[in-house]
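The primary structure of each chain is shown beneath.
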Amino acid sequence: MSVYKATSSRLIQSILTRPIPQTVLNAVLFAMLLSASPANAQQPFYTDDADVTDKAKFHFQLSNEYGIWQRADHPCLPQNTSVCELDYGLLNGVEVGVDGPLIAISKSPVATPGTVFGFGDLDFHVKYNFLKEREGSRRPALAATLNVELPTGNAREQLGSGLTDYFLNGILQKTVTRKTRLRLNGGVLFAGNTTTGEIGIKVRGRVFVGGASLVKQITPKLDLGGEVTGAVTSSLKLSRGQLQTLMGGNYAVTKKMTFDFGIVAGKFAASPRVGVQLGVSIDF
């Protein structure tokens, strides 16, 4: 899906600003990919948490991310992606949900076609929290999600992948201190690709995805944290992969609504160079 300590912040900064040997980058990605799974399913983080929506309740998320692309992605310039997600607690420990993006891709005036705007691919998921964390126990919370994304976006205009995607993700969540949670994700895209507009890996086939986040409650209303997320194809070509960090958090406007915010910085062609994300999350 970081910003936890001064040392990790310096490490992330070095990853984004200096060339690093490919063997080191391979090690970083594999550490994330093999670590299990989770993080914060709550916006603005990309790493998922082990929590699910309560039975017979709804959870709604709306986010907007404005990202500036890597220079290698020219003639594509900024992309604006708005995502609407609705989750429902089907059973105790089981959540189902649907989400879809509205995408606007700005392009250089010399590009054909020019700037495009429209709906992207529709995504459905099932999430099962099969092990809950208990106070005083070393055992973490564990969950898994299965996603199926349908090719509803216009692939010719880069609004959709043109493929049906199947993704399985594992989630591990552990309370480090009373106010701090660590979440790890590890998953495999079995078919399709990870694109949302220009974002993501365009190569068709198996993709390994991982992430780690650390989130701390600063005040009763404010949570802050950071994450590192990555993805790589089965050929392990990092130049076609993703590696990005996010620093952000949530502010509780009411007991059932939060304002979500984050800043993204990425490396490699499949990640935005820099981006800003804003959103709201509502339980009802």
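Bear in mind the structure is a predicted one, so any value in this text is a computation, not a measurement. (Residues numbered from 1 in each chain as written. Predicted model: local features only at pLDDT ≥ 70, side-chain atom pairs only at ≥ 80, totals over all residues. Heavy atoms only, no water.)

A. Quick look at the overall build of the protein. Each helix and strand counted, the protein has 2 helices and 13 strands in total. By residue count, 47% of the 284 residues in the protein fall in the buried class. Summed over its atoms, the accessible surface of the protein is roughly 14200 Å², and 62% of this surface lies on carbon and sulfur atoms. (Helix = DSSP H or I, 4+ residues; strand = E, 2+ residues; numbered from the N terminus. Buried < 20%, exposed > 50% of the residue type's maximum accessible area, 1.4 Å probe, protein only. Areas by Shrake-Rupley, 256 points an atom, 1.4 Å probe, with all protein chains shown as cover.)

B. Summary view of the pattern of salt bridges. This model, assessed by the stated rule, comprises 4 salt bridges. Residue Lys-127 is joined to Asp-49 by a salt bridge in which the shortest nitrogen-to-oxygen separation is 3.1 Å. With a gap of 78 residues between them, Lys-127 in strand 5 (residues 122-131) and Asp-49 in the loop between helix 2 (22-33) and strand 1 (58-68) connect regions that are remote in the sequence. By relative accessible area, Lys-127 is classed as buried at 2%. Overall, the relative accessible area of 8% leaves Asp-49 in the buried class. Taking the shortest distance from any N to any O, the salt bridge between Asp-51 and Arg-181 comes out at 3.4 Å. Of this pair, Asp-51 sits in the loop between helix 2 and strand 1 while Arg-181 sits in strand 8 (residues 180-191), placing them 130 residues apart in sequence. For Arg-181, a relative accessible area of 31% corresponds to the partly exposed category. Within this structure, Asp-48, Asp-49 and Lys-127 form a network of salt bridges that share partners. (Salt bridge = Lys/Arg side-chain N within 4 Å of Asp/Glu carboxyl O.)

C. The pairing of strand 7 (residues 165-177), seen in detail. Across 9 bridges, the pairing between strand 6 (residues 141-150) and strand 7 is antiparallel. Note that in strand 7 the partner of Leu-142 across the bridge is Leu-172. Here 11 bridges tie strand 7 to strand 8, and the two strands are oriented antiparallel to one another. Looking across to strand 8, one finds that Lys-174 is bridged to Leu-182. Joining the antiparallel neighbours strand 7 and strand 8 is a turn of 2 residues. (Pairing = 2+ DSSP bridges.)

D. Quick peek at unusual backbone geometry. The phi torsion at Ala-56 lies on the positive side, around 65 degrees, for a residue other than glycine. Here Ala-56 is to be found in the loop between helix 2 and strand 1.

E. Region of interest: the packing of aromatic side chains. Applying the stated criterion across every chain, the model contains 4 aromatic pairs. Arranged with centres 5.6 Å apart and planes meeting at 10 degrees, the rings of Phe-58 and Phe-284 form a pair that is stacked. Of the two residues, Phe-58 sits in strand 1 while Phe-284 sits in the segment after strand 13 (274-283), which places them 226 residues apart along the sequence. By relative accessible area, Phe-58 is classed as partly exposed at 32%. Relative accessible area serves as the criterion here: at 47%, Phe-284 is assigned to the partly exposed category. The rings of Phe-58, Tyr-88 and Phe-284 are connected pair by pair, giving a single aromatic cluster. (Phe/Tyr/Trp six-rings, centres within 6.5 Å; stacked < 30°, edge-to-face > 60°.)

F. A nonpolar patch on the surface, seen in detail. A cluster of nonpolar residues, Tyr-66, Ile-68, Tyr-251, Val-253, Phe-259, Ile-263, Val-274, Val-276 and Leu-278, forms a patch on the protein surface that exposes about 760 Å² of accessible area. Elements with a minimum of two residues in the nonpolar patch: strand 1, strand 11 (242-254), strand 12 (257-267) and strand 13. The class for Val-276 is partly exposed, based on a relative accessible area of 44%. (Patch = residues over 30% accessible without salt bridge, like charges linked within 9 Å, V, L, I, M, F, W, Y side chains within 5 Å.)

G. Main features of the side chain of Ser-63. Here Ser-63 shows up in strand 1. For Ser-63, a relative accessible area of 11% gives the class buried. When near neighbours in sequence (up to four residues on either side) are disregarded, Ser-63 contacts Gln-43, Thr-81, Ser-82, Val-83, Gln-277, Leu-278 and Gly-279. (Contact = heavy atoms within 4.5 Å.)

H. Quick look at the environment of Leu-142. Looking at the secondary structure, you find Leu-142 in strand 6. Leu-142 sits 41 residues away from Arg-183 along the chain, and the two C-alpha atoms are 9.9 Å apart. Among residues more than four places away in sequence, those in contact with Leu-142 are Tyr-128, Asn-129, Phe-130, Leu-131, Ile-171 and Leu-172.

I. Here's a closer look at the environment of Val-264. Mapped onto the secondary structure, Val-264 falls in strand 12. Take Val-264: its relative accessible area is 1%, and that puts it in the buried class. Sequence spacing of Val-264 and Ile-68 is 196 residues, and the spatial spacing of their C-alpha atoms is 10.0 Å. Those residues in contact with Val-264 that lie beyond four places of it in its chain are Tyr-46, Glu-65, Gln-244, Thr-245, Leu-246, Pro-272, Arg-273, Val-274 and Gly-275.

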